[in-house]
Amino acid sequence: MSGPGLDPRTEHVVVRTPNWLGDTVMALPMLAALRRAAGPARITLIGRWAPLLAGQGVGDVLLGYPRPLAARRRLARALAADRPDVALLLPSSLESALAATRWGARRRVGYATDGRSVLLTDAMALPAPRLHQVDEYTGLLALLGVAGATTVPEWKLPDSPAADAEVDGLLAEAGLDATTSLVGLHLGAAFGSSKLWPPESFGRLARELASAGLCPVLLGTAENTATATAAARAAATPLASLVGRDRPAILARLLARLRCLISGDTGVAHLAAAVGVATVTLFGPTDRRLTAPRGRGARSLDRPVPCAPCFLPTCPIDHVCLTRLDPETVLREVRLAVA
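Residues numbered from 1 in each chain as written. Predicted model: local features only at pLDDT ≥ 70, side-chain atom pairs only at ≥ 80, totals over all residues. Heavy atoms only, no water.

> So what exactly am I meant to see when it comes to the pairing of strand β2 (residues 42-46) here?
Looking along a regular strand, one sees side chains alternate from face to face of the sheet. Burial runs high along β2: 4 of the 5 residues are buried. Examined bridge by bridge, strand β1 (residues 12-16) and β2 share 5 bridges and lie parallel to one another. Residue pairing in the sheet places V15 in a bridge with L45 of β2. Here 3 bridges tie β2 to strand β3 (residues 61-63), and the two strands are oriented parallel to one another. When the sheet's bridge partners are listed, T44 is paired in β3 with V61. (Buried < 20%, exposed > 50% of the residue type's maximum accessible area, 1.4 Å probe, protein only. Helix = DSSP H or I, 4+ residues; strand = E, 2+ residues; numbered from the N terminus. Pairing = 2+ DSSP bridges.)

Structure representation (structure tokens):
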């Protein structure tokens, strides 16, 4: 179904961006195409990760989506006073459509899901079979008569000597030489434990990487500290670690220093691929056909087991989808990725 197109008189477009980092990265091709088509119109991006898009050239105003209900009401009143011409909703939730209604948006554009069709002025059925998330986001542009989106997210790194110096300091504190071939091992994933490769496998892989002349470095949030300890124990050798030491504002810049990133299906893999870093992403409960990182050096691995993809946050059985991915197989993919 095609909409009437983006009215050249459009002055203000609001985009409710995704709730997850990886999805936000996968929305970049859609956001860039919208920016080109919108001309002088003001684009406001609202979402948990929207402020991280500063410097990407896809929005004029970048707002985090507040959690407290009172703050959401204040935001709704401020937007309603301006009456946006278009609200483009990337989350497929009823809540996002209700919010766009409170914002007073004249056109409310999104997928017809979660019983929200009555709240949308321009709706589209989800593709069947489902498409890669990048393509589903860009597909929504048809409702606005916008074309020309690319298929691969690209993340820009604006000049920032202060941020570069902060990354230099982190690497130095971890005893890492920025001129060596750093391979990041990202230990976490926000979805749940079913996405996590065993720490023992990370440890064995780290040992193999070091033997191959590569320099492994553990990455993750402070919540991954115990996993990092277990991985180092399995490696039976000291491992450089930046677990819990970076922050979102410098994450892309830190990832850009790597030669390769190895991780589960997590937003950090999408960000790394978007900055041009080789990635090896391990898939278990989720479907790489729908959410594999896209990039020149992006590679994905999974194992064909009867129960996958199950999309469950916690494995109710023996987690064979990921435990059958052995470190030797992953190392072969890393060698191909960095060749």
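Alright, that's what it looks like, and here's the rest.
> Please explain the nonpolar core as it appears in this structure.
Generally speaking, a soluble globular protein has its nonpolar side chains buried in company with each other. In this structure, V15, L88, W155 and L255 are the most contacted members of the largest nonpolar core, which totals 60 residues. The dominant element in this core, judged by the number of residues it contributes, is helix α2 (residues 28-38), at 6 residues. (Core = buried A, V, L, I, M, F, W, Y, C linked by side-chain atoms within 4.5 Å.)

> Where do I start with empty space enclosed by the protein in this structure?
It is the rolling of a water-molecule-sized probe over the atoms that shows where space remains empty. Applying the stated criterion across every chain, the model contains 1 cavity of 30 Å³ or more. Mapped onto the lining of the largest cavity, the elements with two or more residues apiece are α1 (21-26) and α10 (267-274). The residue inventory of the lining of the largest cavity, partitioned by class, reads 7 nonpolar, 2 polar and 1 charged. (1 Å grid on protein atoms, 1.4 Å probe; cavity = no way out; pocket = protein on both sides within 12 Å on 5 of 7 lines; lining within 4 Å. Points joined across faces, edges and corners; volume = space filled by probe spheres on them. Nonpolar A, V, L, I, M, F, W, Y, C, P; charged D, E, K, R; others polar.)

So yeah, pure geometry; function would need other evidence.
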